[in-house]
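Read off the chains here:
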Amino acid sequence: TVPGELKWAASPSEGGWEEVSIMDEKNIPIRTYQVCNVLEPNQNNWLRTDWIPRSGAQRVYVEVKFTLRDCNSLPGVTGTCKETFNLYYHESNEDRESYIKESSFIKVDTVAADESFTQVDVGDRIMKLNTEVRDVKVTTRKGFYLAFQDVGACIALVSVRVFYKTCPLTIRNLATFPDTITGADTSSLVEVRGSCVNQSEEREEPKMYCGADGEWLVPIGGCFCSPGYEEKGGACKACSAGFYKAKSSDAGCFKCPPHSHSVRDGATVCDCHSGFFRADSDPPSMACTQPPSAPQQLISVVNETSVVLEWAPPRRLGGRSDTNYPRMGSGSISSSQLCLPCGSDVLFSPGQTGLKTSRVVVSELRAHTHYTFIVHARNGVSQASGAGAAQSVSVSVTTNQAAPSPVSSILAIDVTRHSLSLSWQQPDRPNGVILEYEVKFYEKDQKERSYRIMRTFSRSVDVTGLNPLTVYVFHVRARTAAGYGEFSAPFEFSTNSGIHAVKFKIIARMLSLVFFICVLNLHHLCLIRRSKYSKTKQDSEEEKHLNPGVKIYVDPFTYEDPDQAIHEFAKEIDVSSIHIEKVIGMGEFGEVCSGRLRVQGKREIYVAIKSLKAGYSDKQRRDFLSEASIMGQFDHPNIIRLEGVVTRCKPLMIITEYMENGSLDAFLRKHDGQFTVIQLVGMLRGIASGMKYLSDMSYVHRDLAARNILVNSNLVCKVSDFGLSRVLEDDPEAAYTTRVRRKIPIRWTAPEAITYRKFTTASDVWSYGIVMWEVVSYGERPYWDMNNQDVIKAIEEGYRLPAPMDCPVVLHQLMLDCWERERAERPTFSQILNMLDKLIRNPGTLRRTGGDSTWVYPLNTAWCASVCLNIYLCLCTRREMDRLGIITPSHQNILIASVQQEVLSQMQHMQHSMVPV
Ligand code: AMP
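It should be emphasised that the depicted structure is a prediction, and the values quoted were computed from it without experimental measurement.

## Thoughts on the packing of helix 9 (residues 761-776) against helix 12 (residues 829-841)
Helix 12 packs onto helix 9 with a crossing angle of 35° between their chain directions and a minimal axis gap of 10 Å. Listed contacts from helix 12 to T761, D764, V765 and Y768 of helix 9 are F829, I832 and L836. Among the residues forming the contact of helix 9 with helix 12, the class breakdown is 5 nonpolar, 1 polar and 1 charged.

The following block contains the structure:
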């Protein structure tokens, strides 16, 4: 189709290929190259095209249209006539090679005609065109030349078309594949990566192969329309209003679910109607929903220290099925009104959070504690809706007493051929005073078919009469007033083979010798003592010599520098580790607060914080800190524990363990009549134990009273308030000297301490008797409304407080013993402790109360006779009067009754008793 001459290179330039214009079938002039040297041998005529740029092609196709004369049709030709020609190519970057360098050409093929024309009538010549296509790999240079070699044929080249093949641009599976040139070989496939169409996302890498023929083959992967779009005609179109599509998928757009809408095209999610919500986890296909209403009919059943809570599901579930009860529980200790979160030791079954059921059992609660339980109903949209407390219901309960928790471990401390000595720790949760332990044991082989039981008050037991080399299984359980707790897990111990038997015998003999000496000593002591109790002289040197090695309390006032004492006995606490929460009382020097203390490396504990109010004098500072210096020297479960002091910044603080139930007097008044006698005796035992410890350390308290006893959540009583106290000094004169002339708590103080300030452990014993009376009468004021002078006078004249209502006779007798005029006649704290332990072990002895014998009040007759003659002042508590049905006009505590002379003489005969009415 080139107008004018092509001017391809020909060799030889003359007599070989010639450019000739002819008419095609349609009589259109076309350019041809012709050669027809059929009569001459050894023809080698070359015709070369111009340089053809490769343009990225790797395999090119050459379509040649030509005519070829049949040799037979040519008259007179010899064997020189040929009917083929050769096609060559030569790759080159050079587009201006001027001559044909034959040797650089590579042969593509020898081309023969399919059709040749034989005989042509002149003037009616029919041109028959051959079309032959050959392909060739061209990959090394920028372009190439083609060449046609004629070796003696009669040919006309009519058209030479050179092309390469592509796989055309296409979209498959929402991915666009570009126009791609086929590979170099006829069998090669070109891997092509597609790219996702607009508003679509790759589902799986889109790929196809471009075959050598320009056909796309094997489509893999593809794309999905993006959220908010759907496929329409190979493209992604936006969802219309009222519809949405949340995910990229091959699905179409969906209609908005109930209670939701979409106003714009291309919505990925429908918005909830007002008042309806969707939880984060809700699928967009889900209808919008509402939070539930509060749970209904919350009921609680208290069983000792467990509470069963049950409720009905909320009336309105908000269209959801995932209503749950996410979190519950807060405890408050009733005496302080301080609401504390339930500790981690409280057990919620099946759980505390995310409950699906409407019943939960809460166990391991503290005994006698007020709890509030809040049950929240929530569903998936509660948070989104911002509704919180409105969906909750609460109930308050007070737990009862509980049996002790099981003993956690048992140790064998001595093993012989026939015996085992075992020891164990108190249960983690005694839930009251432990009255005794029960030890159950059996031979392991026997299983529990036959077992033995032993009971002991102490935390150890010697089990004798065992078989040698036998494994025994032991279980221990504790008993409180609430009954037996559960047995511990089984602990196995084996008796030994008897190698130590000889040793054992020697030790046993030594022990019996010691025992014999002890009995002799005791006998001797019994002979020399005049008092009812085996009393050693309370304030003598002798007592200390009997207890060598016992730690003696040091009076902080003996230190010249009070700060030295405080730093010796109390730990300095960094104020930043204290978190004050609320005021719980007023002390002598300022407020008393409760709060929390977190010391590094230890768990956070609740503490009481006493602070010294601003504007204090040096003396006040000393007095204030002296309490900590004293307390810091003590370490006993029935003495309030000092955690530390803050002296390096103001206000100065004393940090002690926190006693949830506050002071004993107020606590008892609040729980009037609610405890068993054993529980009361348990409290008294604790106080006696603390006082024994103090007296062993030669410390005299001087202000022992129920108001100075603190009670914790387990009803453990601890002696506190060491502000007034002074050391029991060896100098007999020391009892007379008080550094500070304070007011003496008359009702609690022994007569010798009131009259000549002889404060001793024996005077503490007197006070202890008063505390006993306070405890058994549930916080009644000793001597009621009598004024101090009358109290002193009455005591001088022999009057003693009568037994409170329902007071066991033995307890009142112990009180009277504490109130012996002669201090040497009073029991020691050690004896009091033994006595109380005995009572606890034999609760039957506590059963007899004064009330059983027609209201006989064991008053001191001597006093009655001298003061009242035939008019008796009968002191009754208000509760006693209520019980007797006596109503006095002014509701006084004192009932005046006249008693006839015969009754008086009867009374004198009975001694220590009188009839009130
Ligand atoms: P006191 O300075 O010891 O007389 O304390 C005054 C009041 O604060 C007491 O009556 C208690 O009610 C209260 N209190 C003192 N110490 C504690 C404590 N460790 N735990 C709980 N309450 C306490």
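Structure's up, so let's keep going.
## Some words on the state of the cysteines
Per the stated rule, a full pass over the model turns up 8 disulfides. Linked covalently through their sulfurs, C196 and C223 form a disulfide whose S-S length is 2.0 Å. Taking the sign of the S-S torsion, -80° for the link of C196 and C223, the bridge is left-handed. On the criterion of sequence distance, the pair formed by C196 in strand 17 (residues 195-196) and C223 in strand 19 (residues 216-225) is long-range, its members being 27 residues apart. You can call C223 buried: its relative accessible area is 4%. Two residues share a disulfide in this structure: C272 and C288, whose sulfurs sit 2.0 Å from each other. Disulfide C272 to C288: torsion about the S-S bond roughly -80°, handedness left-handed. Of this pair, C272 sits in strand 25 (residues 271-272) while C288 sits in the loop between strand 25 and strand 26 (296-303), placing them 16 residues apart in sequence.

## Observations concerning a nonpolar patch on the surface
A cluster of nonpolar side chains, contributed by L189, L217 and V218, occupies part of the molecular surface with about 240 Å² of accessible area. Relative to the helices and strands, L189 resides in the loop between strand 15 (180-181) and strand 16 (190-193).

## A word on the pattern of salt bridges
Per the stated rule, a full pass over the model turns up 34 salt bridges. E657 is the partner of R641 in a salt bridge, and the nearest nitrogen-oxygen pair spans 3.9 Å. Of this pair, R641 sits in the loop between helix 5 (618-631) and strand 45 (642-646) while E657 sits in strand 46 (residues 653-657), and the two are 16 residues apart along the sequence. Each of E436, E438, R455, R477 and R479 takes part in a single network of salt bridges with overlapping partners.

## Some words on the pairing of strand 21 (residues 235-238)
Pairing between strand 20 (residues 229-232) and strand 21: 4 bridges, direction antiparallel. Within the sheet, the bridge partner assigned to E230 lies in strand 21 and is K237. Taking the residues between adjacent antiparallel strands as the criterion, strand 20 and strand 21 are bridged by 2 residues, where G233 takes a positive phi near 60°.

## Side note on the UniProt feature "active site" (unreviewed entry) in the chain
In the numbering used here, UniProt assigns the feature "active site" (unreviewed entry) to D703. As for its placement among the helices and strands, D703 is situated in the loop between strand 47 (699-700) and strand 48 (709-711). Given a relative accessible area of 10%, D703 falls into the buried group.

## Some remarks on the sheet that holds strand 26
Ordered by their spatial adjacency, 4 strands build an open sheet running 26-27-31-30, and the pairing between neighbours is antiparallel. Each end of this open sheet is capped by a strand with a single partner; those strands are strand 26 and strand 30 (347-349). If you compare each strand with its neighbour and ignore which way they point, the axes differ by 20° on average. As paired strands, strand 30 and strand 31 (residues 359-363) are joined by 3 bridges and run antiparallel to one another. Residue pairing across strands places L347 opposite S363, the latter belonging to strand 31.

## Focus: the environment of N400
As for its position among the elements, N400 is in the loop between strand 33 (392-398) and strand 34 (410-415). For N400, a relative accessible area of 38% gives the class partly exposed. Along the backbone, N400 and E304 are 96 residues apart, and their C-alpha atoms lie at a distance of 4.5 Å. The contacts of N400, once residues within four sequence positions are left out, are V302, E304, T305, A367 and H368.

## Notes on the side chain of S763
In this fold, S763 is placed in helix 9. When residues no more than four places from it in sequence are discounted, the contact partners of S763 are A750, E752, A753, K758 and R826.

Criteria and thresholds
- Residues numbered from 1 in each chain as written.
- Predicted model: local features only at pLDDT ≥ 70, side-chain atom pairs only at ≥ 80, totals over all residues.
- Heavy atoms only, no water.
- Axes fitted to C-alpha atoms, helices over the stretch in contact; angles between N-to-C directions.
- Helix = DSSP H or I, 4+ residues; strand = E, 2+ residues; numbered from the N terminus.
- Contact = heavy atoms within 4.5 Å.
- Nonpolar A, V, L, I, M, F, W, Y, C, P; charged D, E, K, R; others polar.
- Disulfide = S-S within 2.5 Å.
- Buried < 20%, exposed > 50% of the residue type's maximum accessible area, 1.4 Å probe, protein only.
- Patch = residues over 30% accessible without salt bridge, like charges linked within 9 Å, V, L, I, M, F, W, Y side chains within 5 Å.
- Areas by Shrake-Rupley, 256 points an atom, 1.4 Å probe, with all protein chains shown as cover.
- Salt bridge = Lys/Arg side-chain N within 4 Å of Asp/Glu carboxyl O.
- Pairing = 2+ DSSP bridges.
- UniProt positions renumbered as here; feature names shortened; annotations may be inferred.

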